[in-house]
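Observations on chain architecture
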Amino acid sequence: MGAGVIDSVVALSNTLSDSDRLELVRRLLGGVAASGEGVVASYPTGYILYAEGEDATYECSSWLLAPGTNLANRPFLAFIYLVGLAYIFLGIAIISDIFMAAIEVITASEGTRRVRTNDGKMIEYTFKIFNPTVANLTLMALGSSAPEILLAIIGVISTLDDTPDELGPSTIVGSAAFNLLLISAICISALPEGETKKIDDLNVFLVTAFFSVAAYVWLYIVLQVSSPHVVELWEAIFTLGLFGLLLGFAYVIDVRGRCCRRPRAVHVAPEEEEEKPTHNVSPGSKNTMATQQELMEELRTKRNSSDLRTMPSAEVGDTQVTGYVAGRTTALRGLTGQRRLQSHDVAVERNSFRESKSPRDGSCRELQGAALDGVLKEVGILAAAAPSPAVDVTPTTNREVIIADTPEGSQSPDGPKGELHFEDNSVMCEEAIGKVKLSVVRTGGDSGHLTITWMTRDGTAKGGTDYIATQGSLTFAPGELRKILEVEIIDDDILESDTTFTVELNATASEVLAARNRICSVTILDDDQWGDRMHRLHTQLRNALAHTFYAADSWSDRFKNALELSGGVDEETGEECPPTRFDTIMHALSLFWKLQFALVPPESWAMGWPAFVVSLIFIGIWTAIVGELASLFGCVIGLGDAITAITFVALGTSLPDTFASRLATLHDEHADAAIGNITGSNSVNVFLGLGIPWIIGALYHRYAPRGKGQYDVPAGSLGFSLALFSTLAAVALLTLLVRRHFNGGELGGSRKSTRLLSLFFVSLWVIYIVLASLNDKGYLADL
């Protein structure tokens, strides 16, 4: 068509009415759209004509965009997409935190069983429904990796009839690189000068570390060696099956024969019919919980080791409360202006600063009554828990509970006399204590007089060398419920390991003594060991308080927490600190997310499963939107999905774990939660995040009518990225193990060494990003 014809058409259009002229334009654009020769977007209500050129963004299409969105220029669109990604990442972090809280409730679930002994007594014992190591590798790792896994699943489902999505698989690899290299770098330098921490369960760590590297090597074999650019069904099933193999290895190494031992009895019940196993109520139950106020008081009294010279051994026994989830929650709530726990030192420093700035609002408000009321899941460290009148709680590794027939403090002349026993079956004390005091208590009644004798017996601790061997008697008058006996401890300057002796109770009448706690084991620790134990106890109490503080028992609690602006609560005094300007701004920005996710059922309901399911649905919805926004952002700035995934998306999904790992490094006794969780999470990312999508794709293309018979998955830049990361991961893990040998721990040490090692890990991550990006752009095509 010549220019003259076009001029004639234009001249003719000037003679037409407005409606006819619009119809002419509509038909012309419709013809162009039908021919496919022009860049015209067709909609039921009209057409959009895009100009061609370098600034054109018509190819950046998505179901997320409104018609005409791509008419805006590239810099503006890139800014909007980046801000949108950051805001949604904040929302995903908030809902992921709720998701992990639900998972923690599920994995902490306990059950009770009753068995009848040979003498006819009914023995009730408590057991963990989930092995802690298996739970950490399944549900807990799933919680921290849920966005990446769901992104991969959604990407495969949405592209079953098209080229497989690169964003999901690349995000998994990029997130693994960020976790292992950058988070490890931050944790290595987080500790104060000279302090070190090491992984406690090295065997489990070695298993997860091996699988975390082997997983990515296996992916490379699938995509490049075994069946290049094709994922066969057996390969997909084997990938998912490796997850079960990992769990099996970790479980066997963790239990090391303990699975065959019979649990210790924890409750002697009256003779009654045998009952079916029951499950304890999850965190939030007020029947087996201690209040927040009591835990805060305990933290205050145990702030300095000099304030406490003896404590029950079980307080620092095998049961540990991990600070990972609590630390993640604390960090996230600090970012969104919600109520969270502040360490006492930080709270004091912050309040002093506020007072100097504004005396009127600088002081913290002490929380009263119901504001501090909360409940704590029993975690084996209940020294802070004041027993209810009807229940005597003794903090042992396997919880002991005796139901008393008569409340403490009441006297019944004709009632039962009760039974006598040690309050704790084992205690620890420091060598310099002088005298260790042991409590003998009366339960089950308080009428009449009861008399017992007691005496010490040597163990590894010898009378006259480590303590003064002695004996004596105690008489309980009517109404007396507790008496104290004392044994003198000998303090010497000899460096020695723990020593132990026992104190036994005896009585002429057998009914005077209870069936349990007739013997108390006393462990004497030197001063250095005592300090370590006190640090461990303080950590456990802090974590237990956090688990209690963040628990939600009702929807009203959820909405109250969502709406309330707070500057934090002192973990020792319970004082509410005024919010900062940052708290106020972030509270306003995140209010949309907090109100939306307040619809999730409380974690205390039905052992956490309703919260688990609803949270997972929310994560899936917003992860699908993240996938679209990330692709659009990469499109307008000229990056492919692979590079966008290993940089921006991986950073956004892993940032909450960064805060959590750093806090776990500072507050946990060992490095398992900070470093061990990384290798477990990276393994789960592959086995679930690619095993499940690959099975879906392979089954679809094999059996669906529209399937191609085989699931084509072009390796593209993913193959190079896998090979590169596997190599760097092996280097990083070997470096950590070598440092453990020479430094005494993976984390911490001298300031110079930690900074150099952190810089080394950061440089490994930079190498990964640069080389993977160059390969994606085709500059390393020959490699």
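Residues numbered from 1 in each chain as written. Predicted model: local features only at pLDDT ≥ 70, side-chain atom pairs only at ≥ 80, totals over all residues. Heavy atoms only, no water.

**Looking at the packing of helix H6 (residues 202-226) against helix H18 (residues 716-743)**
Look at H6 against H18: their axes get within 8 Å of each other, and the N-to-C directions meet at 160°. One element, H6, and the other, H18, form an angle in the roughly antiparallel class. For the pair H6 and H18, the sense of crossing is left-handed. Together, Leu 202, Phe 205, Leu 206, Ala 209, Ser 212, Val 213, Tyr 216, Val 217, Leu 219, Tyr 220, Leu 223 and Gln 224 of H6 and Leu 718, Gly 719, Leu 722, Ala 723, Phe 725, Ser 726, Ala 729, Ala 730, Leu 733, Leu 737 and Arg 740 of H18 make up the contact between the two elements. Looking at the contact of H6 with H18 residue by residue, the classes come out as 18 nonpolar, four polar and one charged. (Axes fitted to C-alpha atoms, helices over the stretch in contact; angles between N-to-C directions. Helix = DSSP H or I, 4+ residues; strand = E, 2+ residues; numbered from the N terminus. Parallel < 35°, antiparallel > 145°, perpendicular 65-115°, else oblique. Left-handed = near helix turned anticlockwise from the far one by under 90°. Contact = heavy atoms within 4.5 Å. Nonpolar A, V, L, I, M, F, W, Y, C, P; charged D, E, K, R; others polar.)

**Looking at the pattern of salt bridges**
Taken as a whole, this structure holds nine salt bridges when the rule is applied. Residue Glu 603 is joined to Arg 558 by a salt bridge in which the shortest nitrogen-to-oxygen separation is 2.9 Å. Of this pair, Glu 603 sits in the loop between helix H13 (581-597) and helix H14 (609-637) while Arg 558 sits in helix H12 (residues 555-563); the two residues are 45 residues apart in sequence, bridging distant segments of the chain. Taken as a pair, Glu 603 and Arg 558 share a single burial class, namely buried. Linking Asp 712 and Lys 708 is a salt bridge whose minimum nitrogen-to-oxygen distance equals 3.5 Å. Assessed through its relative accessible area of 25%, Asp 712 is described here as partly exposed. (Salt bridge = Lys/Arg side-chain N within 4 Å of Asp/Glu carboxyl O. Buried < 20%, exposed > 50% of the residue type's maximum accessible area, 1.4 Å probe, protein only.)

**Concerning the side chain of Arg 333**
Tracing the backbone shows Arg 333 in helix H9 (residues 324-336). Of the side chains bearing the opposite charge, Asp 97 lies closest to the buried Arg 333, which forms no salt bridge; the N-O distance is 5.3 Å. Here Arg 333 is in contact with Gln 338, Arg 339, Arg 340, Tyr 550 and Asn 561, once residues within four sequence places are set aside. (Lys, Arg positive; Asp, Glu negative; His and termini not counted.)

**A short note on the pairing of strand E21 (residues 519-525)**
E21 sits mainly inside the fold: five of its seven residues count as buried. Relative to E21, strand E15 (residues 426-430) runs parallel, the two sharing five bridges. Directly across from Ser 426, in E21, lies its bridge partner Ser 521. In the sheet, strand E20 (residues 499-506) pairs with E21 via six bridges, with the strands oriented antiparallel. Along E21, the bridge assignment pairs Glu 504 with Ile 519. (Pairing = 2+ DSSP bridges.)

**Quick notes on the state of the cysteines**
Each disulfide is one covalent bond, formed between the sulfur atoms of two cysteines. A complete count under the given rule lists zero disulfides for this structure. Cys 520 carries a free sulfur, and the closest cysteine sulfur to it, the one in Cys 429, is 9.9 Å from it. Given a relative accessible area of 1%, Cys 520 falls into the buried group. (Disulfide = S-S within 2.5 Å.)

**Some thoughts on the confidence of the model for the protein**
Overall, the prediction assigns the protein a mean pLDDT of 76, with 71% of residues at 70 or greater. Counting interchain partners and residues more than four positions distant, the pLDDT-below-50 stretch residues 259-290 has 80 contacts. Predicted confidence is poor over residues 358-412, with pLDDT under 50, and the contacts of this stretch with residues over four places away or in other chains come to 140 contacts. (pLDDT = per-residue confidence, 0-100.)

**Notes on unusual backbone geometry**
The phi angle at Ala 606 is positive, at roughly 50°, despite the residue not being glycine. In this structure Ala 606 comes out as exposed when scored by relative accessible area, which is 54%. With a phi close to 60°, Met 607 is a non-glycine residue in the positive phi region. Its place among the elements puts Met 607 in the loop between H13 and H14.

**A closer look at the packing of aromatic side chains**
One pass over the full model with this rule turns up 20 aromatic pairs. Between Trp 555 and Trp 605 the ring centres are 4.9 Å apart and the planes differ by 80°, which places this aromatic pair in the edge-to-face class. Taken together, the positions of Trp 555 in helix H12 and Trp 605 in the loop between H13 and H14 put the pair 50 residues apart, joining distant regions of the chain. When the ring of Phe 597 is compared with that of Phe 618, the centres are 5.2 Å apart and the planes differ by 75°; the resulting orientation is edge-to-face. With Phe 597 in helix H13 and Phe 618 in helix H14, the pair connects residues that are 21 residues apart, well separated along the chain. Comparing Phe 597 with Phe 618, the two get one shared label, buried. (Phe/Tyr/Trp six-rings, centres within 6.5 Å; stacked < 30°, edge-to-face > 60°.)

**Examining the sheet that holds strand E19 (residues 482-488)**
Note on sheets: strands pair through backbone hydrogen bonds, and any given pair is parallel or antiparallel. On the basis of which strands lie adjacent, the open sheet formed by three strands has the order E14-E16-E19 and antiparallel pairing. Each having just a single partner strand, strand E14 (419-422) and E19 make up the two edges of the open sheet. With direction set aside, neighbouring strand axes in the sheet form an average angle of 25°.

**Topic: the nonpolar core**
The biggest cluster of nonpolar side chains holds 118 residues, and the ones touching the most others in it are Tyr 216, Ile 675, Trp 694, Phe 725 and Tyr 768. When neighbours within four sequence positions are excluded, Trp 694 is seen to be in contact with Leu 219, Val 222, Leu 223, Val 231, Ala 236, Thr 239 and Tyr 711. Formed by 26 residues, the second largest nonpolar core is a distinct cluster that contains Leu 474, Leu 485, Leu 513 and Val 522. (Core = buried A, V, L, I, M, F, W, Y, C linked by side-chain atoms within 4.5 Å.)

**Examining the side chain of Thr 336**
Tracing the chain through its elements places Thr 336 in helix H9. The contacts of Thr 336, once residues within four sequence positions are left out, are Leu 90, Ile 94, Met 586, His 587, Ser 590 and Lys 594.

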